[in-house]
Amino acid sequence: MDFKTVKSVNLSDQVAQDIIMMVEKGELKPGDKLPTETVLAEKLGISRGILREALMILQYKGYISRKPKDGTYIRELPESNSINDSLINSFKQATYKDLIEMREALEQKIVELAVKNATDRDIEEVEAFLESIDSNGEKNSMSDHDFHLRLAQLSKNILLTNFIDIYYDLICELGESSFKNNEKRKAEVLEEHKKIISAIKARNVEEAKKEILRHLNMVKKSLDSITMNKSIDLK
């Protein structure tokens, strides 16, 4: 398949529309697996950040499905996009404060299900992932959204996992804002993640909920009021 280069001035919604046109023309067919983010961004001539925003729009519109540990696939063409368009508009009107409040509700349920459904081996894999992270490394904000996605996978609930996957780019942006010029915060986030997984390993639902809420409260404290009240930018 040939992807045409997108000029750097183009925004994520135009990238999404270009991919939709490829689907409607039959250049991309249901069941086709897209290249990895790195490869696809290079083919399109855009940054991975713009690509992620475009993929999020495409997922809302029902054109793609993103499977953890597998990849991104083209779905059957949706008959109606009215509900999905409404969701996108809601995100455009929402603030980062709204996002964190939504996470507080969802991630409490995620850790509750993780305590119930995750195997010991599942939990050990997340522990190993956390131990491999350098709190001073450049990819710390990336590991933050990776952790939350892995946490959702422990729940064994496909809807929660996919929903976390939809907004993980927003989690990443919050992480970058939170970590900016704050090396101490990077180390704190890593320790907060370790406490969450320790509570899950101990099969302690209330402690796990307490730790996830404590973590999200620290995220709120690390962001200034301007960022918290800023609208989510889907471009």
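Please read all numbers here as calculations on a predicted model, not as lab measurements. (Residues numbered from 1 in each chain as written. Predicted model: local features only at pLDDT ≥ 70, side-chain atom pairs only at ≥ 80, totals over all residues. Heavy atoms only, no water.)

Asker: Outline helix H9 (residues 183–201), supporting the account with residue identities and numerical values.
Answerer: Note that an α-helix has 3.6 residues per turn; residues three or four places apart therefore point the same way. For H9, with 19 residues, the first-to-last C-alpha span of 28 Å sits near the 27 Å given by 1.5 Å per residue. Taken from the residues just after H9, Arg203 is the one with a positive phi, measuring 60 degrees. (Helix = DSSP H or I, 4+ residues; strand = E, 2+ residues; numbered from the N terminus. Expected span 1.5 Å × (residues − 1).)

Asker: Lay out the confidence of the model for the chain in plain terms, naming residues and giving numbers.
Answerer: This prediction gives the chain a mean pLDDT of 80; 72% of its residues lie at or above 70. When pLDDT is averaged over each element of the chain, helix H6 (residues 120–131) comes out on top at 93 and helix H4 (residues 82–93) at the bottom at 59. (pLDDT = per-residue confidence, 0-100.)

Asker: Go over unusual backbone geometry, please, and point to the residues and values.
Answerer: Phi angles above zero are rare outside glycine, and Lys156 is one such case at about 65 degrees. Relative to the elements of secondary structure, Lys156 occurs in the loop between helix H7 (140–155) and helix H8 (158–179). Here Lys156 falls in the partly exposed class, since its relative accessible area comes to 48%. (Buried < 20%, exposed > 50% of the residue type's maximum accessible area, 1.4 Å probe, protein only.)

Asker: Would you mind going over the environment of Lys69 in detail, with residue names and values included?
Answerer: On the secondary structure map, Lys69 appears in the loop between strand E1 (64–67) and strand E2 (71–74). Apart from residues no more than four positions distant in its own chain, Lys69 is found in contact with Glu125 and Gln153. (Contact = heavy atoms within 4.5 Å.)

Asker: Describe in detail the nonpolar core, supporting the description with residues and values.
Answerer: Leu151 and Ile200 are the most contacted members of the largest nonpolar core, which has 29 residues in total. Sort the elements by how many residues they give to this core and helix H5 (residues 96–117) lands first, with six residues. Setting aside residues no more than four positions away along its own chain, Ile200 makes contact with Val111, Ala114, Val115, Ile123, Leu151 and Ala208. (Core = buried A, V, L, I, M, F, W, Y, C linked by side-chain atoms within 4.5 Å.)

Asker: I'd like a description of the pairing of E2, backed by residues and values.
Answerer: Across the two faces of E2 the burial is the same, with Gly71 and Tyr73 and Thr72 and Ile74 all buried. Note: E1 against E2, four bridges, orientation antiparallel. Each bridged residue has a counterpart across the sheet, and for Lys67 the counterpart in E2 is Gly71. (Pairing = 2+ DSSP bridges.)

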